[in-house]
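# Results of the structural survey
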Amino acid sequence: MKRIVIFASGSGSNAENIIGFFQTKRTAKVTHVLTNNERAKVLDRCKRLGVNSLIFSREEFFKSDKVLNFLKEEADLIILAGFLWKIPEQMVADFPNKIINIHPALLPKYGGKGMYGKHVHKAIKENKEEETGITIHYVNEHYDEGGIIFQAKTSIKIDDSVEDIAKKVHKLEYEHFPSVIEDVILSLDE
């Protein structure tokens, strides 16, 4: 059984969805959730779901091997679910094609530094896009530029608000992210 470690910075709704999905699977289990935010709501979800959590500082993440060494001991696959920091190059090198992110747009559009959450949905609305979606991709040294694993689309109506767009994207995230992770895990054994 593969061990999944999730990184999250916020509410953790995607993390909870992934944890729930793998609770009944034999392919993998979420063993830990790591966060850089001691006030992140994901910590409450972890307590309720009985999943170990770990809070780390910027220094521990970028200037020491503490988080990296923990991952080498505890993770077969790393999932970014609303995690906002760039992954250090050494971590990417030590986990090639084993760090997966979900982005709330159809990359390569609306990716890069600062393009997350409502910032993405607002830009999509302002540019009068007719569709948006999600991109699940491998993480490399650059924001949102790793190889694309999966994309799903949803249409946007002219009168959709930023919140309406966010709801449509969240629906796609919840529907697809766990099963795509499972597909990646199954491919690791091939």
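Quick note: structure is the one above.
Within each chain, residue numbers correspond to sequence positions counted from 1 in written order. In keeping with the predicted nature of the model, local features appear solely for residues at pLDDT of at least 70, side-chain atom pairs appear and are counted solely at 80 or more, and the whole-chain, interface and lining totals rest on all residues. Hydrogens are left out, water is left out, and the side-chain values use all remaining heavy atoms of the structure.

### Digging into the sheet that holds strand S6 (residues 131-138)
Rules: Pairing between two strands requires that DSSP report at least two bridges joining them. Going along the chain from the N terminus, every DSSP run of H or I of four or more residues is numbered as a helix, and every run of E of two or more is numbered as a strand. To get an axis, a line is fitted to the C-alpha atoms, and for a helix only the part in contact is used. The angle between two axes follows their N-to-C directions and goes from 0 to 180 degrees. The contact definition used throughout considers only heavy atoms, calling two residues in contact when any of these lie within 4.5 Å.
The mixed open sheet is built from seven strands, whose spatial order is S3-S2-S1-S4-S5-S6-S7. Two strands bound the open sheet, and with one partner strand each, they are strand S3 (52-55) and strand S7 (148-155). Strand-to-strand twist of the sheet, defined as the mean angle between neighbouring strand axes without regard to direction, takes the value 20°. With three bridges joining them, strand S4 (residues 77-80) and strand S5 (residues 99-103) adopt parallel strand pairing. Within S5, the residue paired with Ile78 across the bridge is Ile99. Across the sheet, helix H7 (residues 162-188) touches strand S1 (2-7), strand S2 (28-35), S4, S5, S6 and S7, and the angle it forms with S6 is around 30°.

### Looking at the packing of aromatic side chains
What counts here: Note on ring pairs: Phe, Tyr and Trp rings are taken, using the six-membered ring of Trp, and paired if centres are within 6.5 Å. Classes follow the plane angle, with under 30 degrees stacked, over 60 edge-to-face and the rest tilted. Note on classification: 1.4 Å probe, protein chains only; a residue is buried when its accessible area is under 20% of the maximum for its type, exposed when over 50%, partly exposed between these limits. We count a charge as sitting over a ring when the NZ of a lysine or the CZ of an arginine lies within 6 Å of the ring centre and within 35 degrees of the ring normal.
Per the counting criterion, the structure on display carries 12 aromatic pairs. For the pair Phe56 and Phe61, a centre-to-centre distance of 5.1 Å together with 25° between the ring planes defines the contact as stacked. In this structure Phe56 comes out as buried when scored by relative accessible area, which is 4%. Counting every residue linked through ring pairs, the aromatic cluster contains Phe7, Phe56, Phe61, Phe62, Phe83 and Trp85. In this structure, Arg58 is placed above the aromatic ring of Trp85, and the distance from its NZ or CZ to the ring centre is 4.4 Å.

### Structural notes on unusual backbone geometry
Of note, the amide linkage connecting Leu107 to Pro108 takes the cis form, showing an omega dihedral of 15°. You can see Pro108 is positioned in the loop between S5 and helix H6 (117-126). The backbone of Asn97 sits at a positive phi, close to 55°, despite the residue not being glycine. Assessed through its relative accessible area of 49%, Asn97 is described here as partly exposed. We note that Tyr110 has phi near 60°; this positive angle belongs to a residue other than glycine. Relative to the helices and strands, Tyr110 resides in the loop between S5 and H6.

### Structural notes on the pairing of S3
Convention followed: The definition of a right-handed crossover adopted here requires that, viewed with the strands pointing away, the path from the first strand over the helix to the second runs clockwise.
Where S2 and S3 come together, four bridges link them in parallel fashion. Each bridged residue has a counterpart across the sheet, and for Val33 the counterpart in S3 is Ser53. Read from S2 through helix H2 (residues 42-49) to S3, the crossover connection turns out right-handed.

### Comments concerning the pattern of salt bridges
Applicable threshold: Salt bridge, as used here, is a side-chain nitrogen of Lys or Arg placed within 4 Å of a carboxyl oxygen of Asp or Glu.
Per the counting criterion, the structure on display carries 12 salt bridges. Measuring nitrogen to oxygen at the nearest pair gives 2.5 Å for the salt bridge that ties Arg45 to Glu16. You can see Arg45 sitting in helix H2 and its partner Glu16 sitting in helix H1 (residues 13-22), a full 29 residues away along the chain. Lys25 is paired through a salt bridge with Glu182; the nearest N and O atoms lie 3.8 Å apart. With Lys25 in the loop between H1 and S2 and Glu182 in helix H7, this residue pair connects regions lying 157 residues apart in the sequence. Under the relative-accessibility criterion, Lys25 is labelled partly exposed at 29%. What makes Glu182 buried here is its relative accessible area of 14%. What emerges from the salt-bridge pattern is a single network uniting Glu16, Arg45 and Arg48.

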